[in-house]
Amino acid sequence: MGGFTLDDINAARKPRDSWWTVFLVDPLACRLALLVANHTSITPNGLTRLSILLGFGAAGLFATGRLAAGAILFYLSFTVDCMDGKIARLKGTGTPFGLWLDYVGDRVRILCCAFGFAYGQGASVYWITATVVVLVDLFRYINAPQVNRVREATRTLAAARAGGEVVFVEDVLRLTPQSRVGHLVATHDQPLVDLHRGWRRTFPWFDRFRIFLVRHRVRTHVVGGIEFHAAVFVIAPPFGPWAMVWAAGVAGALVLLFEAALVYRIWLAAREAGRTVPKREKVLV
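Now for a look at the structure at hand. Just so we're clear, the structure is a prediction, and the values are computed from it rather than from any experiment. Per chain, residues are indexed from 1 in the order of the written sequence. Given that this is a predicted model, residues contribute local features only at a pLDDT of at least 70 and side-chain atom pairs are listed and counted only at 80 or more, while totals for whole chains, interfaces and linings are drawn from all residues. Side-chain numbers here rest on the full set of heavy atoms in the structure, without hydrogens or water.

Let us look at the overall build of the protein chain. Where helices and strands are cited, they refer to DSSP runs of H or I of at least four residues and of E of at least two residues respectively, numbered from the N terminus. Assigned secondary structure in the protein chain consists of 13 helices and two strands. Accessibility here uses a 1.4 Å probe with only protein chains present; expressed as a share of the type maximum, an area under 20% marks a residue as buried, one over 50% as exposed, and anything in between as partly exposed. Looking at the protein chain as a whole, 47% of its 285 residues qualify as buried. Pairs at least 24 residues apart make up 79% of the contacts formed inside the protein chain by residues separated by at least 6 positions. Taken as a whole, the protein chain presents about 14200 Å² of accessible surface, with 68% of it coming from carbon and sulfur. Contact between two residues is taken to exist if any of their heavy atoms lie within 4.5 Å; hydrogens are not considered. Residue burial considers only the protein chains on display, and all accessible areas are found by Shrake-Rupley using a 1.4 Å probe.

Next comes the structure, spelled out in structure tokens:
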């Protein structure tokens with residue numbers, strides 16, 4: 001049907017993603033996406049629906065106490081979930097409804113797997129664990145769009161104070177070293193704004209850490225929702241129900257820690273945008 005190559009699939013990946021996806025899912029998901037793109041007419045929404053069905057299957061296995069099998073099916077569900085976006089970007093066949101389906105499908109999968117696990121184990125500690133898993137997941141995905149809104153409002157304020165177009169240090173540092181130099185040359189007449197000056201003073205090692213992750217296509221939010229799901233529903237189940245309880249507690253605490261750090265960072269940025277005058281900054285190239 002198509003003459004796509006693995007390079008085409010790789011080009012359709014997200015510019016940055018979770019480390020779990022980059023290293024432990026994409027190597028399989030990209031190759032499966034290549035087969036789907038070249039040999040089937042399956043749409044991105046079709047893949048999303050398949051992912052949801054596999055998620056229901058994982059929930060059923062958790063509910064019957066077959067935790068290791070549930071972990072395998074959950075991993076496959078997430079792998080298929082990672083394919084739909086690649087196919088959509090590759091073929092241009094994504095739809096606005098697909099965004100809703102993908103988001104809601106993920107939440108339903110987590111809820112069903114969490115309470116399927118609790119039902120299969122029966123004891124109250126497992127029901128509490130399931131509730132914690134669902135609440136942490138919901139908080140992460142409710143907080144994310146609000147953080148993005150604050151970030152955009154902060155950047156708009158900084159640009160307004162500058163009186164025109166600006167270049168944000170944060171955007172420059174997200175680029176590869178090769179494209180970073182060219183970007184700075186192309187925008188040399190625009191003021192360079194560092195909204196995260198306070199963050200860098202507190203964590204001076206952060207820029208080098210970010211650059212290292214960018215080179216490997218990994219986002220700086222090291223423990224987020226995806227890593228949380230992987231810890232609870234893929235890594236822990238083969239070790240038994242108590243491993244899932246511990247995974248939910250430890251990984252959940254790390255998620256909340258990273259969310260708190262993110263909120264602190266955007267608070268510092270908002271404060272910086274309201275009180276600083278843009279000027280040329282030294283950027284780590």
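It is worth spelling out the environment of Arg 210 at this point. Tracing the sequence through the fold places Arg 210 in helix α11 (residues 206-215). Given a relative accessible area of 1%, Arg 210 falls into the buried group. Considered as a pair, Arg 210 and His 221 are 11 residues apart in the sequence and their alpha carbons are 9.8 Å apart.

A few words on the packing of helix α5 (residues 67-91) against helix α12 (residues 225-235). Interaxial angle, 0 to 180 degrees, is taken between N-to-C directions of lines fitted to C-alpha atoms, where a helix line uses only the stretch in contact. Close contact between α5 and α12 brings their axes to 9 Å; oriented N to C, the two are set at 155°. As the angle between them shows, α5 and α12 are arranged roughly antiparallel. Across the interface between the two elements, Ala 71, Phe 74, Tyr 75 and Phe 78 of α5 pack against Ile 226, His 229, Phe 233 and Val 234 of α12. Orientation is classified from the angle alone, with under 35 degrees giving roughly parallel, over 145 giving roughly antiparallel, 65 to 115 giving roughly perpendicular, and any other angle giving oblique.

Attention now moves to a nonpolar patch on the surface. A contiguous nonpolar surface patch, about 410 Å² in accessible area, is contributed by Leu 28, Leu 32, Leu 35, Ile 72 and Leu 76. Looking at the nonpolar patch, the elements with two or more residues in it are α3 (26-39) and α5. Sort the elements by how many residues they give to the nonpolar patch and α3 lands first, with three residues. Mapped onto the elements, Ile 72 comes out in helix α5. Residues enter patches when their relative accessible area tops 30% and they take part in no salt bridge; the joining distance is 9 Å for like charges and 5 Å for the nonpolar side chains Val, Leu, Ile, Met, Phe, Trp and Tyr. Salt bridge, as used here, is a side-chain nitrogen of Lys or Arg placed within 4 Å of a carboxyl oxygen of Asp or Glu.

Counting 49 residues, the largest nonpolar core has Trp 20, Phe 62, Val 133, Val 232, Phe 233 and Met 244 as its most contacted members. Elements supplying a minimum of two residues to this core: α3, α4 (44-63), α5, α6 (96-121), α7 (124-162), α12 and α13 (241-275). Not counting the four nearest positions on each side in its chain, Val 133 is found in contact with Ile 110, Ala 114, Phe 228, Val 232, Phe 233 and Ala 248. By convention a nonpolar core is built from buried Ala, Val, Leu, Ile, Met, Phe, Trp, Tyr and Cys residues, the set being connected through side-chain atoms within 4.5 Å. Counting residues in each nonpolar core, the second largest holds seven residues, with Ala 158, Phe 168, Leu 195 and Ala 273 among its members.

Here we come to empty space enclosed by the protein. The way it works is a 1 Å grid over only the protein atoms, where trapped points that fit a 1.4 Å probe form a cavity and open points with protein on both sides within 12 Å along at least five of seven lines form a pocket, and then any residue with an atom within 4 Å of a point lines it. Grid points are joined across faces, edges and corners, and a volume is the space filled by probe spheres set on the points. In this structure the tally under the stated criterion is five cavities of 30 Å³ or more. Along its surface, the largest cavity is lined by Trp 20, Phe 74, Tyr 75, Phe 78, Ile 226, His 229, Ala 230 and Val 234. At the level of secondary structure, the elements contributing two or more residues to the lining of the largest cavity comprise α5 and α12. Here the lining of the largest cavity gets four residues from one element, more than from any other, and that element is α12. Residue composition of the lining of the largest cavity, by class: seven nonpolar, one polar and no charged. If you add up the space inside the second largest cavity, you get close to 50 Å³. Residues are grouped as follows: Ala, Val, Leu, Ile, Met, Phe, Trp, Tyr, Cys and Pro are nonpolar; Asp, Glu, Lys and Arg are charged; every other residue, Gly included, is polar.

With that settled, the discussion passes to α11. Those residues of α11 lying buried are Phe 206, Asp 207, Arg 210, Ile 211, Leu 213 and Val 214. Relative to the axis of α11, the buried residues are bounded by an arc of 165° and lie together on one face. Residues of α11 that are exposed and angled more than 90 degrees away from the buried face: Arg 208 and Arg 215. Of the residues flanking the end of α11, it is Arg 217, one or two places downstream, whose phi is positive at about 65°. The directions considered for the arc are those from the helix axis to the C-beta atoms.

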